Amino acid sequence: MDHQLVVMFHLLCAVLFVGAVAMEVLILEPVRKLIGDELFQQVEFYLFRRIRRTYPFAVIPLYITGFYMYFGYIESFGGFAAFIDTRFGMMLTVKMSLALGLLTIFATSPFVFMQHRSRSAGGHLKHFLIVTGGPEDFRIDRFEAVHYLAMGLGIGIVVLAKLMFML
Ligand code: HEM
């Protein structure tokens, strides 16, 4: 597939993903002070559940296109050793590592944010895929730290993605 088309698709998915995190930090967090913790917990639970159920459709293609391009670059540099020896290769690999960190936050979020009661493997899988439980199970005490970390990673990834072509 044409490289620029893959980049465009990668960027569209990236905008959706990092945009959702930015919305949570810049819009929802300040609104919390106006609506109070009880209402915030309800709103955030339904928002989080919706994001967790729909965003895999952006997140999975984002990482597939990313790795597709990453391995393409390794091949064009003639192998990983030659690739990592360049500033571009090093920065792209750091960007990939930060992106994997962000993916870990997204993937584990049902267990980080929700008080999950099921003990069976099927129950864990169901919770991982669609988020089970109700608004009362949502841990608002973890909201700030996790979202600020995710936002920091998102900004770092985008800045690195541009710097690796400039330096
Ligand atoms: C949260 C996850 C990610 C975000 C927000 C993100 C964001 C971006 C951005 C903004 C660009 C610059 C595109 C441009 O303007 O030229 C880019 C390029 C790139 N990304 Fe990602 N990315 C993510 C994950 C990944 C992953 C996991 C990989 C795999 C290693 C990856 C590999 C690449 C590559 C190879 C390019 C260079 C594209 C080119 O040749 O122009 N990305 N990414």
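Look above for the structure.
First, a word on what this report is: a plain description of the structure on this page. Quantities reported herein were computed from a predicted structural model and do not represent experimental measurements.

Six octahedral donors at a metal ideally form angles of 90 or 180 degrees, and four tetrahedral donors ideally form angles of 109.5 degrees. Around the iron atom of the ligand, the protein contributes the donor atoms His10 (NE2) and Lys95 (NZ), at 1.9 to 2.1 Å from the metal centre. One can describe the site at the iron atom of the ligand as octahedral: its 6 donor atoms subtend angles covering 76 to 177 degrees at the metal. In this pair, His10 sits in helix H1 (residues 3–54) while Lys95 sits in helix H4 (residues 87–113), placing the two residues 85 residues apart along the sequence. With relative accessibility at 14%, the residue Lys95 sits in the buried group.

This next bit is on the site of the ligand. For the ligand, the set of nearby residues contains 24 residues, the closest of which are His3, His10, Tyr73, Lys95 and Lys162. In the environment of the ligand, a nitrogen atom lies 2.9 Å from a nitrogen or oxygen atom belonging to the side chain of His10. Lys95 has a polar side-chain atom sitting 2.4 Å from a nitrogen atom of the ligand. Put simply, the parts of the chain that give the shell around the ligand at least two residues each are H1, helix H2 (56–76), H4 and helix H6 (143–166). Class assignment of the residues belonging to the shell around the ligand gives a composition of 19 nonpolar, 3 polar and 2 charged.

Before going further, it helps to spend a moment on H2. Between its first and last C-alpha, H2 extends 30 Å over 21 residues, near the 30 Å set by a 1.5 Å rise per residue. Among all positions in H2, only Ala58, Val59, Pro61, Leu62, Tyr63, Thr65, Met69, Tyr70 and Ile74 are buried. Considering only its buried residues, H2 is in contact with H1, helix H3 (80–84) and H4. Gly78 sits one or two residues past H2 and shows a positive phi near 85 degrees.

Evaluation of the coordinates by the stated rule reveals 16 aromatic pairs. When the centroid spacing of 5.1 Å and the interplanar angle of 90 degrees are considered together, the rings of Phe40 and Phe143 count as edge-to-face. Taken as a pair, Phe40 in helix H1 and Phe143 in helix H6 lie far apart in primary sequence, 103 residues in all. By the burial criterion, Phe40 is buried, and Phe143 matches it. Taking 5.7 Å as the distance between ring centres and 55 degrees as the angle between the ring planes, the aromatic pair formed by Phe48 and Phe138 counts as tilted. Placement of the pair is Phe48 in helix H1 and Phe138 in the loop between helix H5 (121–130) and H6, with a sequence separation of 90 residues. Each member of the pair, Phe48 together with Phe138, is buried. Feature note: the residues Phe67, Tyr70, Phe71, Tyr73, Phe77, Phe80, Phe83, Phe88 and Phe165 constitute an aromatic cluster, connected by ring pairs.

Conventions and cut-offs
Residues numbered from 1 in each chain as written. Predicted model: local features only at pLDDT ≥ 70, side-chain atom pairs only at ≥ 80, totals over all residues. Heavy atoms only, no water. Donors = N, O, S within 2.8 Å, 3.2 Å for Na, K, Ca; no water. Tetrahedral: all angles 85-135°; square planar, octahedral: opposite > 155°, others 65-115°. Helix = DSSP H or I, 4+ residues; strand = E, 2+ residues; numbered from the N terminus. Buried < 20%, exposed > 50% of the residue type's maximum accessible area, 1.4 Å probe, protein only. Near = heavy atom within 4 Å. Polar contact = N/O pair within 3.5 Å; in protein donor to acceptor, adjacent residues only side chain to side chain. Nonpolar A, V, L, I, M, F, W, Y, C, P; charged D, E, K, R; others polar. Expected span 1.5 Å × (residues − 1). Contact = heavy atoms within 4.5 Å. Phe/Tyr/Trp six-rings, centres within 6.5 Å; stacked < 30°, edge-to-face > 60°.

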